[in-house]
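# Coordinate inspection notes
Single-letter residue listing:
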Amino acid sequence: MLTSLPYFLRLPLALVLLVLNSVLHIVPLMVLALIKVVVPLAAVRKPLSRVMVALAESWIGVNNALFRVFTRIDWQTQGLDGLRRQGNYLVLCNHQSWVDIAVLQKVFNRRIPFLRFFLKQQLIWVPLLGMAWWALDFPFMKRYSAQTLKRHPELQGKDRETTRKACEKFRHLPVSIMNFAEGTRFTPAKHDAQQSPYRHLLRPKAGGVAFVLDAMGKALHAVLDVTIVYPEGPCTMMDLIAGRVRQVRVHVRERLLDPAWVGSYDQDPDFRERIKRWMQTLWQEKDEQMALMQRQDWLHASTLQGAARS
């Protein structure tokens with residue numbers, strides 16, 4: 001363990017090793033991606049995709065090892081038993097910080113299929129990471145403002161088309177599709193502006209979830225309802241790297257898919273209301289879960305609650 005090193009030595013050393021790990025994994029990833037583009041044969045592309053995912057999981061695994069060496073995070077997790085490497089999951093999670101992604105990768109790496117999530121198109125220009133996300137078939141979404149859609153109505157539904165095309169790629173391989181249903185990171189200002197009915201969450205957006213459920217259809221096995229809490233309050237990636245995050249709490253609940261959750265969000269008003277009600281119910285339960293997880297003895301209290309239900 002290197003946590004005893006002085007801060008002015010530990011932080012730059014951790015940063016250098018994280019960057020070096022990224023370079024060592026992304027360079028071969030880019031080479032394989034180039035071969036995948038140049039050789040348009042399924043017999044070549046499929047095994048290349050598996051190798052690229054293995055590289056990505058190795059990259060995450062080394063990052064997790066570095067965090068173990070350089071930090072003293074107390075990881076408190078619940079609900080990870082029974083997850084399958086060969087299952088197909090839609091992962092729904094609350095969103096507070098970029099740290100959420102590192103937490104999800106830590107918790108789920110090599111437990112479920114490789115996590116892919118929808119990204120804003122601008123993020124493709126992030127050094128190293130943007131190209132890696134592109135190589136690994138992460139779908140990039142271009143968001144249009146209400147004013148732009150009003151001037152160019154032909155752009156309406158482009159996000160749904162992007163979602164469908166991305167999901168079509170994933171129907172024939174094990175995949176976990178990540179969705180932050182709130183659409184943005186939680187802040188008190190956003191919470192107040194939305195007049196959110198939840199204490200710890202923003203309002204969920206049902207449209208993106210509905211599009212994934214519709215596009216993936218029977219290929220999905222379950223929904224993983226993930227709740228993340230940082231007991232000491234909001235944190236940044238620099239806080240994580242610098243060892244200022246002392247504890248992370250993660251609760252996972254596997255929810256079986258209901259055929260009633262699949263339908264046309266745009267064209268079926270009854271389905272649209274049904275999926276919205278389901279998301280609102282799920283978010284209410286998540287809000288209550290977050291309140292429980294704020295308690296100092298949350299794991300013990302949650303165990304007692306589960307025993308009482310059974």
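A few points on the structure. (Residues numbered from 1 in each chain as written. Predicted model: local features only at pLDDT ≥ 70, side-chain atom pairs only at ≥ 80, totals over all residues. Heavy atoms only, no water.)

## Overview of the pairing of strand S6 (residues 176-179)
For the record, the criterion: Under the scheme applied here, a residue whose accessible area is under 20% of the maximum for its type counts as buried, over 50% as exposed, and between as partly exposed, the area being computed with a 1.4 Å probe on protein chains only. Secondary structure elements are taken from DSSP: a helix is a run of H or I of four residues or more, a strand is a run of E of two residues or more, and numbering for both begins at the N terminus. By the convention used here, strands pair only if DSSP detects at least 2 bridges between them.
Side chains Ser 176 and Met 178 project from S6 onto one buried face, and the interleaved Ile 177 and Asn 179 project onto a second face that is buried too. Note that strand S2 (residues 89-93) and S6 share 4 bridges and pair parallel. Along S6, the bridge assignment pairs Leu 92 with Asn 179. Bridge count for strand S3 (residues 115-117) against S6 is 3 bridges, and the pairing is parallel. Paired with Arg 116 across the two strands is Ile 177, which belongs to S6.

## As for the packing of helix H8 (residues 206-216) against helix H10 (residues 269-293)
Rules: To get an axis, a line is fitted to the C-alpha atoms, and for a helix only the part in contact is used. The angle between two axes follows their N-to-C directions and goes from 0 to 180 degrees. What sets the label is the angle itself: under 35 degrees gives roughly parallel, over 145 gives roughly antiparallel, 65 to 115 gives roughly perpendicular, and the rest give oblique. Each crossing gets its handedness from the near helix: less than a right angle anticlockwise from the far helix is left-handed, clockwise is right-handed. Contacts: residue pairs with any heavy atoms within 4.5 Å of one another.
Where H8 contacts H10, the two axes come as close as 10 Å, and the packing angle between them is 110 degrees. Of the possible angle classes, the one that applies to H8 and H10 is roughly perpendicular. Here H8 runs over H10; the crossing is right-handed. Contact with H8, carried on its side by Ala 206, Val 209, Ala 210 and Leu 213, involves Phe 271, Ile 275, Lys 276, Trp 278 and Met 279 of H10 and no other residues of that element.

## Some remarks on the nonpolar core
Spelled out, the test is: The criterion is simple. A nonpolar core is a set of buried Ala, Val, Leu, Ile, Met, Phe, Trp, Tyr and Cys residues joined through side-chain atoms within 4.5 Å.
Core analysis: the biggest nonpolar cluster contains 56 residues, and Val 91, Leu 104, Phe 108, Leu 224, Val 226 and Ile 228 have the highest contact counts within it. Tallying contributions element by element places helix H2 (residues 42-70) first for this core, with 9 residues. Sequence-distant contacts of Leu 224, defined by excluding residues within four places in its chain, comprise Leu 83, Tyr 89, Leu 90, Val 91, Leu 92, Phe 108, Ile 112, Val 252, Arg 253 and Glu 254. Residues Val 209, Phe 271, Ile 275 and Leu 282 belong to the second largest nonpolar core, which totals 35 residues.

## Topic: H10
Spelled out, the test is: Take the number of residues in a helix, subtract one, and multiply by 1.5 Å to get its expected span. Distance and chemistry together define a polar contact, namely a pair of N or O atoms within 3.5 Å, with one atom able to donate a hydrogen and the other to accept it when in protein, and with adjacent residues in sequence counting only for side-chain atoms on both sides.
Between its first and last C-alpha atoms H10 spans 36 Å; for 25 residues at 1.5 Å apiece the expected length is 36 Å, and the two agree. Along H10, the residues that are buried comprise Phe 271, Ile 275, Trp 278, Met 279, Leu 282, Trp 283, Lys 286, Asp 287, Gln 289, Met 290, Leu 292 and Met 293. The backbone nitrogen of Asp 270 has a side-chain oxygen 3.1 Å away, supplied by the residue at the start of H10, namely Asp 268.

## Overview of the sheet that holds S6
If you walk across this open sheet you meet the 6 strands as S1-S8-S7-S2-S6-S3, and the pairing is mixed. Two strands lie at the open edges of the sheet, namely strand S1 (74-78) and S3, each paired on one side alone. Strand-to-strand, the axes of this sheet are offset by a mean angle of 25 degrees, without reference to chain direction. As paired strands, S2 and strand S7 (residues 222-229) are joined by 5 bridges and run parallel to one another. When the sheet's bridge partners are listed, Leu 90 is paired in S7 with Val 223.

Shape descriptors only; they carry no functional weight alone.
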